[in-house]
Amino acid sequence: MSNPTSNSPGTIPDRAELFAPAEFDLLRVPAVGDFLRWRHSRTVLQIPLLVISVVMVLHGLLGPSLAPRNLATVLTWVHFRGALVLVLLAAGNFFCLACPFMLVRNAARKLFRPRWNWPRALRNKWLSVALLVLILNAYELFDLWASPWWTAWLIVGYFLAVLIVDGVFKHAAFCKFVCPIGQFNFVASTVSPLEVQVREHAVCDRCKTKDCIRGTRAAKASAALPLVVIQRGCELALFQPRKVGNMDCTFCLDCVHACPHDNIGVTSRAPAAELLEDSLRSGIGYFSRRKDIAALAIVFSFGALMNAFGMVSPIYALEEWLSATLHVHQEAPVLGLIFAFVLVLEPALLLGAAAWVTRALGGSRMAVVPLAVRYSYALVPLGFGMWLAHYGFHFFTGILTVMPVTQSAAADLGLHWLGKPLWPWTGMATRFVQPMELAFLLLGLAGSLFVTHQLAREDSAERPMRAFLPWAAVGLVIWASSVWLMLQPMEMRATFLGG
């Protein structure tokens with residue numbers, strides 16, 4: 001692992017150090033690898049998810065208004081979220097690979113071509129951070145988990161946003177700069193065990209075409225006509241020989257299909273290792289200089305607490321107290337205050353204090369804000385552990401909820417032969433799921449403490465423990481808060497009601 005303080009702008013750390021030979025390559029696994037290397041594999045994965053999305057929208061708008069009996073709410077807030085975090089933990093950003101929104105976008109681009117580049121002022125994560133906070137807030141404010149109608153319109157809105165943004169702007173502007181789900185996946189995938197990366201850098205050094213970023217083209221019959229794109233390169237501007245980690249990578253595998261040397265794989269790596277690197281990254285730059293990505297990591301980590309806090313009883317008592325104290329009778333401003341505290345004030349106080357102590361006692365030469373930016377990435381494993389614990393609770397306790405809901409929907413359509421019998425068992429008992437929640441939280445804490453310790457060793461080689469302890473204390477505060485939340489009685493949202 002290279003020392004981030006030793007890398008000057010424009011330099012690349014030693015490749016043998018950063019890119020150790022991978023022991024596992026998913027693309028070389030029989031059957032699975034053959035399928036993923038197939039040019040149409042992504043479309044095959046996207047089609048069923050598009051069909052499911054259409055079913056969810058129709059059932060959300062036309063089906064029963066009771067959330068536990070509607071596929072829109074059950075599939076979105078129980079199954080999709082749970083499966084998403086589990087796949088991110090076990091493999092990587094494969095949900096972006098199968099994203100149905102991109103299938104619709106690609107079909108629309110056959111009818112019209114985008115003409116403009118994404119505005120330079122918006123080529124950062126600030127917009128997507130704001131949208132992620134907006135969705136987290138709307139989830140609580142409008143009780144999206146309890147509203148099939150609003151959930152369906154959220155899905156429709158997503159499709160429309162993709163068509164508008166990527167219909168006007170070139171490349172994958174929506175994925176890289178707008179999509180809140182994608183940003184969540186990007187941050188979470190930094191702790192995933194797989195990465196799309198170059199197999200041998202010597203092969204890239206000899207390559208003259210750079211098709212992984214440029215794509216491949218062929219001339220038309222007439223020289224006056226533009227070249228025809230056979231296979232596009234990376235639309236997210238990640239040049240494979242200089243790519244580090246999973247940030248901004250949708251696992252679309254366009255680079256794999258475009259590479260003429262078959263030199264790109266989906267290979268194993270140490271989870272969270274990229275959070276330690278401060279080398280120059282293609283399409284991203286230096287992590288330590290990206291306040292917007294640090295803000296995304298902070299919202300990701302503290303947003304996990306806020307999202308779980310919204311489903312336990314203490315939040316209702318807090319809202320009532322704030323409403324009575326401030327003489328405000330609308331939920332929106334009260335909820336906004338809680339969000340501002342959890343996502344802005346609390347992180348600023350905790351990270352600011354830890355950075356000040358590190359600078360004062362740890363001997364760091366960095367200023368307070370750059371220190372807070374650098375160490376904020378160490379919170380990601382802990383935040384991911386909380387998302388796993390929360391979404392895993394809903395997923396495992398309601399893993400077969402979809403069966404009776406589907407049977408009920410079939411009966412509503414007159415397909416009574418699919419409507420009986422109702423499944424009596426819909427998920428695991430809470431007493432079995434709770435130990436899994438605590439295990440996820442411990443896993444996240446261990447990951448954050450490890451990253452924090454490594455950063456402290458690099459930042460303050462002479463007094464690493466003094467630099468480590470303040471940030472370890474922040475991690476322990478977040479972990480203790482997470483454990484407390486998971487031990488509170490949770491609302492069984494979108495759980496099927498029999499009868």
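Rules used in this analysis
Residues numbered from 1 in each chain as written. Predicted model: local features only at pLDDT ≥ 70, side-chain atom pairs only at ≥ 80, totals over all residues. Heavy atoms only, no water. Patch = residues over 30% accessible without salt bridge, like charges linked within 9 Å, V, L, I, M, F, W, Y side chains within 5 Å. Areas by Shrake-Rupley, 256 points an atom, 1.4 Å probe, with all protein chains shown as cover. Salt bridge = Lys/Arg side-chain N within 4 Å of Asp/Glu carboxyl O. Helix = DSSP H or I, 4+ residues; strand = E, 2+ residues; numbered from the N terminus. Buried < 20%, exposed > 50% of the residue type's maximum accessible area, 1.4 Å probe, protein only. Phe/Tyr/Trp six-rings, centres within 6.5 Å; stacked < 30°, edge-to-face > 60°. Lys NZ or Arg CZ within 6 Å of the ring centre and 35° of its normal. Core = buried A, V, L, I, M, F, W, Y, C linked by side-chain atoms within 4.5 Å. Contact = heavy atoms within 4.5 Å. Disulfide = S-S within 2.5 Å. Pairing = 2+ DSSP bridges. Expected span 1.5 Å × (residues − 1).

As for a nonpolar patch on the surface
Together, V54, L58, L61, L62, F142, W149, W150 and W153 give the surface a local cluster of nonpolar side chains, amounting to about 830 Å² of exposed area. Where the nonpolar patch is concerned, the elements lending two or more residues are α3 (41–62) and α8 (148–168). It is α3 that contributes the most residues to the nonpolar patch, four residues altogether.

Re the pattern of salt bridges
Following the criterion strictly, the structure yields 15 salt bridges and no others. R109 serves as the salt-bridge partner of E235, at 3.3 Å between the closest nitrogen and oxygen. Here the residue E235 occupies a position in the loop between β3 (228–231) and α13 (254–258), and R109 occupies one in the loop between α6 (100–108) and α7 (126–141), the gap between them amounting to 126 residues. Like R109, E235 is buried.

Overview of the packing of aromatic side chains
This model, assessed by the stated rule, comprises 19 aromatic pairs. An angle of 55° between the planes, with centres 6.2 Å apart, marks the rings of F35 and W38 as tilted. Relative accessible area serves as the criterion here: at 41%, W38 is assigned to the partly exposed category. Taken together, the aromatic side chains of F101, Y158, F159 and F174 make up a single cluster linked through ring pairs. Looking at R115, its charged tip hangs above the ring of W116, at a distance of 5.3 Å from the centre. Above the face of the Y286 ring, R289 is positioned so that its terminal group lies 4.4 Å from the ring centre.

Section: the nonpolar core
Core analysis: the largest hydrophobic core is formed by 124 residues, its most contacted members being F94 and V266. With 13 residues, helix α14 (residues 291–309) is the largest single contributor of residues to this core. Excluding residues that lie within four positions of it along the chain, V266 makes contacts with F24, D25, L26, L27, F94, L194, E195, V196, F251 and L253.

Structural notes on the state of the cysteines
Applying the stated rule across the entire model yields zero disulfides. Take C234: it sits in no disulfide, and the sulfur closest to it among the cysteines is that of C252, at 5.9 Å. Taking relative accessible area as the criterion, C234 reaches 15% and is therefore assigned buried.

Brief notes about the environment of L343
Relative to the elements of secondary structure, L343 occurs in helix α16 (residues 331–361). A relative accessible area of 8% places L343 in the buried class. Counting along the chain gives 44 residues from L343 to V299, while the straight-line C-alpha distance between them is 6.1 Å.

Section: the pairing of strand β4 (residues 264–268)
Within β4, four of the five residues are buried, which leaves the element mostly enclosed by the surrounding structure. Alignment of strand β1 (residues 194–198) against β4, held across five bridges, turns out to be antiparallel. Each residue of the ladder has a partner; that of L194, found in β4, is S268.

A word on α3
Taking 1.5 Å per residue, 22 residues should reach 32 Å; α3 reaches 32 Å between its end C-alpha atoms and fits that length. Buried within α3 are the following residues: S41, R42, Q46, S53, M56, V57, H59 and G60. Where α3 is buried, its residues meet α2 (32–37), α4 (71–90), α5 (94–97), α6, α8 and α19 (402–412).

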